[in-house]
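# Topology and contacts: notes
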Amino acid sequence: MRMFDVKPDEFVLVHTIKTKGGVSEVLNHLYGRTKDLSADLKKRFQEFSLKTGVKCENIVILPPNDNSVIVSETT
């Protein structure tokens, strides 16, 4: 797990690669300080996820909540 991109007062983008039984899985999280993340930041997250091997259909942008998290993962 590593922090790929961080702006402490705005967001953190976490990139994780899990390997089990010779199979790797990529998991990306975007955590925001506020409930409303900018469209530019969401786009950057989507582009990053695609570059790390996540299929477009596996990128999920959830409605804003107290945690402000966006998830993408390979399967």
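No experiment lies behind these values; they were computed from the predicted model shown.

Time to look at the overall build of the chain. A count of helices and strands for the chain gives one helix and five strands. From first element to last, N terminus to C terminus, the chain shows the α and β order β-β-β-α-β-β. When the 75 residues of the chain are sorted by exposure, 32% land in the buried category. Taking the intrachain contacts of the chain between residues at least 6 apart in sequence as the baseline, contacts between residues at least 24 apart amount to 40%.

Attention now goes to the pattern of salt bridges. Tallied over the entire structure, the rule returns one salt bridge. The salt bridge involving aspartate 5 is made with arginine 44; its shortest N-O contact spans 2.4 Å. Here arginine 44 lies in helix α1 (residues 39-51) and aspartate 5 lies in strand β1 (residues 2-7), a separation of 39 residues in the sequence. Since its relative accessible area comes to 35%, arginine 44 is described here as partly exposed.

Judged by nonpolar contacts, Phe11, Leu13, Val26, Leu30, Leu37, Leu41, Phe45, Phe48, Val54 and Ile59 together constitute the single largest core of 10 residues. Those elements that place two or more of their residues in this core are β2 (11-20), β3 (23-32) and α1. Here this core gets three residues from one element, more than from any other, and that element is α1.

Once that is clear, we can look at the pairing of β1. Strand direction decides the pairing type here: β1 and β2, joined by five bridges, are antiparallel. Residue pairing across strands places methionine 3 opposite valine 14, the latter belonging to β2. Hairpin geometry of β1 and β2 is characterised by an intervening segment of three residues between the two adjacent antiparallel strands.

Bringing the confidence of the model for the chain into the picture now. Per-chain confidence: the chain averages 84 in pLDDT, with 87% of residues scoring 70 or above. The secondary-structure element of the chain with the lowest mean pLDDT is strand β5 (residues 69-73), recorded at 57, while α1 shows the highest, at 93.

Along the chain, proline 64 falls in the loop between β4 (59-60) and β5. With relative accessibility at 54%, the residue proline 64 sits in the exposed group. C-alpha of proline 64 to C-alpha of glycine 32: the two residues are 32 residues apart in sequence and 9.8 Å apart in space. Residue contacts for proline 64: discarding those within four places in its chain leaves Lys35 and Asp36.

The rules behind each value
- Residues numbered from 1 in each chain as written.
- Predicted model: local features only at pLDDT ≥ 70, side-chain atom pairs only at ≥ 80, totals over all residues.
- Heavy atoms only, no water.
- Helix = DSSP H or I, 4+ residues; strand = E, 2+ residues; numbered from the N terminus.
- Buried < 20%, exposed > 50% of the residue type's maximum accessible area, 1.4 Å probe, protein only.
- Contact = heavy atoms within 4.5 Å.
- Salt bridge = Lys/Arg side-chain N within 4 Å of Asp/Glu carboxyl O.
- Core = buried A, V, L, I, M, F, W, Y, C linked by side-chain atoms within 4.5 Å.
- Pairing = 2+ DSSP bridges.
- pLDDT = per-residue confidence, 0-100.

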